[in-house]
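What the coordinates show
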Amino acid sequence: MDLELTKDFDEQEEEKKLITPNILICGQTGSGKSSIINAMSGKQIAEIGDEVPVRNGIKKYKGKSINFVDSDGYEIGKEEKFISDILGYIDAQSEEDYPERVHMVWYCFNMGVARLTDGDLRMISEIEKRKIPVCCILNRIDQTDGGSLNTMRGEIEKRLPSVTIFNFCASPEREVRESVQGYFDEEKLKNWALANIPADMKINVMAGLSISLKSRRKQLSMKYIPSQAAQAAVAVGMNFSQVADSVLLIGLQARMAYHILKSYELSGIGNLFTTIQSVIVSAGGKKLALTIGGTLVELIPVGGKIIVKGANVLVAGSLTYALGMTINETCYQYSTGRKKGSDAEFSDILKGMMTKENINRLVDEYTKKYGKQNTEDEEK
Ligand SMILES: Nc1nc2c(ncn2[C@@H]2O[C@H](COP(=O)(O)OP(=O)(O)OP(=O)(O)O)[C@@H](O)[C@H]2O)c(=O)[nH]1
Ligand SMILES: [Mg+2]
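Residues numbered from 1 in each chain as written. Chains lettered and ligands numbered in written order. Predicted model: local features only at pLDDT ≥ 70, side-chain atom pairs only at ≥ 80, totals over all residues.

It is worth spelling out the overall build of the chain at this point. Across its full length, the chain carries 14 helices and six strands. Sorting the 380 residues of the chain into buried and exposed places 41% on the buried side. Long-range contacts, defined here as pairs at least 24 residues apart, represent 73% of the contacts in the chain between residues at least 6 apart. (Helix = DSSP H or I, 4+ residues; strand = E, 2+ residues; numbered from the N terminus. Buried ≥ 20, exposed ≤ 12 C-beta atoms within 10 Å, placed from the backbone. Contact = placed C-beta atoms within 7 Å.)

In structure tokens form, the structure reads like this:
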């Protein structure tokens, strides 16, 4: 049977299935909410008010991988309206389908003023009550000093011990940002967002927040790829026919390949997805086709014929893992290379990685780390 990763796989359909997280930015007026959206998306998407509140209620900026929901800040004395407007929005969305809900909230403070009100505290705890991940961003740290920053942190921590706090500087002036470099937590905030967004949105967060390449590689290799391998094992465990297994696996592996590319913002660039397919199929004259089939036997260190159901499960898991890890490493090397000015081709890196030794090593790694678990599941 020919392996065609892309045959029944529609990238655009898959793209639609990925849920785009809605991150709501709210808090004090002039705290730099719109500027933070610009800083985080790398674009000038939100209106920037020059110290004057921009009256626009709540606005959603739809991005390719992340939607930012910008809201008017509240002014002292108008807390009640602010709280009911924002909570009203969150609650109305929670009645909608899952993709329409607010999935995360960033609550912003203006450190130029450094004021913490009961309204802020009430608002944050109301969001927490709704089980939506929320963090505090102490923005405009260039306009304060270490003492005020610590006092503010201390007060928030005392009243809301479970909330995570980040220092930030979203000034559009490069010199201003550089003057406080080393004191603000852009990377930490991004990693917090990645860790706290629901699992089905992590791919989009990696792409949309430009998470560091190292963190993307780690997230994919420690969490995403093993979970896909486990799914492959489960899918195969429920089926007996090898043909059905292959079809199931191809779909799952195609989606995984696409997701990994997307995590590195490499989907839709050239046609790397097709490249992956052709490299996998040509490597070793189809013997490396990473689905279950008799041709794979010689690659598999679990003892020859795939006749035992338990072994099937292990093979499906380990080969899906090997494929995922190989694509992950290729994307990582390709992206870091590009940053350094290298023009190495994606397909050459992938070919270099698709060696029997490498695949065997990964299959072994999976078997050691996860194999026991899979076969046990199978025996139950
Ligand atoms: N110095 C400094 N200025 C900042 C920083 N972040 C934002 N600003 C400036 O603060 C002003 C207000 O920023 P906005 O992003 O409009 O603030 P906002 O919270 O969206 O304000 P509203 O929508 O009116 O509630 C603008 O002039 C920004 O350029 C920062 O970290 N440092
Ligand atoms: Mg604004």
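Taken in spatial order, the six strands of this open sheet run 2-3-1-4-5-6, and their pairing is mixed. Each end of this open sheet is capped by a strand with a single partner; those strands are strand 2 (58-62) and strand 6 (164-167). Adjacent strand axes in the sheet meet at a mean angle of 25° when their direction is disregarded. As paired strands, strand 4 (residues 104-110) and strand 5 (residues 134-139) are joined by six bridges and run parallel to one another. Bridging from a neighbouring strand, V105 pairs with V134 of strand 5. (Pairing = 2+ DSSP bridges. Axes fitted to C-alpha atoms, helices over the stretch in contact; angles between N-to-C directions.)

Judged by nonpolar contacts, the single largest core of 47 residues is most densely connected at I25, V105, Y107, I137, L138 and F168. If one sorts the elements of this core by residue count, strand 4 sits on top with six residues. Discounting chain neighbours no more than four positions away, the residues touching L138 are F109, M111, L149, M152, I165, F166, N167 and F168. Counting 39 residues, the second largest nonpolar core, distinct from the first, contains I250, A257, A322 and I349. (Core = buried A, V, L, I, M, F, W, Y, C linked by C-beta atoms within 7 Å.)

Let's shift gears to the pairing of strand 3 (residues 67-71). By the criterion of burial, strand 3 is predominantly enclosed, with five of the five residues buried. Neither face of strand 3 is open: one carries N67, V69 and S71, the other F68 and D70, and all of them are buried. Sheet topology note: the strand 1 (residues 22-27)/strand 3 ladder contains four bridges and is parallel. Bridging across to strand 3, I25 finds its partner in D70. Between strand 2 and strand 3, which pair antiparallel in sequence order, lie four residues.

Moving on, we get to the pairing of strand 5. Across the six residues that make up strand 5, a large majority, six, are buried. Side chains V134, C136 and L138 of strand 5 all project onto a buried face; the interleaved residues C135, I137 and N139 project onto the opposite face, where all are buried too. Taken together, strand 4, helix 4 (residues 118-129) and strand 5 constitute a β-α-β crossover, and its handedness is right-handed. Relative to strand 6, strand 5 is paired through four bridges, and the arrangement is parallel. Looking across to strand 6, one finds that I137 is bridged to F166. Handedness of the β-α-β unit built from strand 5, helix 5 (residues 146-159) and strand 6 comes out right-handed. (Right-handed = clockwise from strand over helix to strand, strands pointing away.)

To continue, consider the environment of Y98. Structurally, Y98 can be placed in the loop between helix 3 (79-94) and strand 4. Since 10 C-beta atoms lie within 10 Å of it, Y98 is described here as exposed. The spatial distance from the C-alpha of Y98 to the C-alpha of P21 is 9.8 Å, given a sequence separation of 77 residues.

This next bit is on the environment of I260. Relative to the helices and strands, I260 is located in helix 10 (residues 242-263). Taking the C-alpha atoms as reference, I260 lies 7.8 Å from G324; in sequence the two are 64 residues apart. Excluding its chain neighbours within four sequence positions, the residues that come into contact with I260 are L220, G324, I327, N328 and C331.

Another aspect to go through is the confidence of the model for the chain. This prediction gives the chain a mean pLDDT of 82; 79% of its residues lie at or above 70. Within the model, the stretch residues 1-6 combines pLDDT values under 50 with 20 contacts to residues more than four positions away or in other chains. Every residue in residues 283-309 scores below 50 in pLDDT, and together they form 55 contacts with partners more than four places removed in sequence or on other chains. (pLDDT = per-residue confidence, 0-100.)

Attention shifts here to the packing of helix 3 against helix 4. Helix 4 packs onto helix 3 with a crossing angle of 15° between their chain directions and a minimal axis gap of 10 Å. By the angle between their directions, the pair helix 3 and helix 4 is classed as roughly parallel. Considering how the two elements wind past one another, helix 3 and helix 4 form a crossing that is right-handed. Within the contact between the two elements, helix 3 uses E79, F82, I83, I86 and L87 and helix 4 uses G119, R122, M123 and E126. (Parallel < 35°, antiparallel > 145°, perpendicular 65-115°, else oblique. Left-handed = near helix turned anticlockwise from the far one by under 90°.)

Turning to helix 13 (residues 346-353), a few remarks are in order. All buried positions along helix 13 are accounted for by F346, I349 and L350. The arc that holds every buried residue of helix 13, seen down its axis, measures 95°, which confines them to one face. (Arc of directions from axis to C-beta.)

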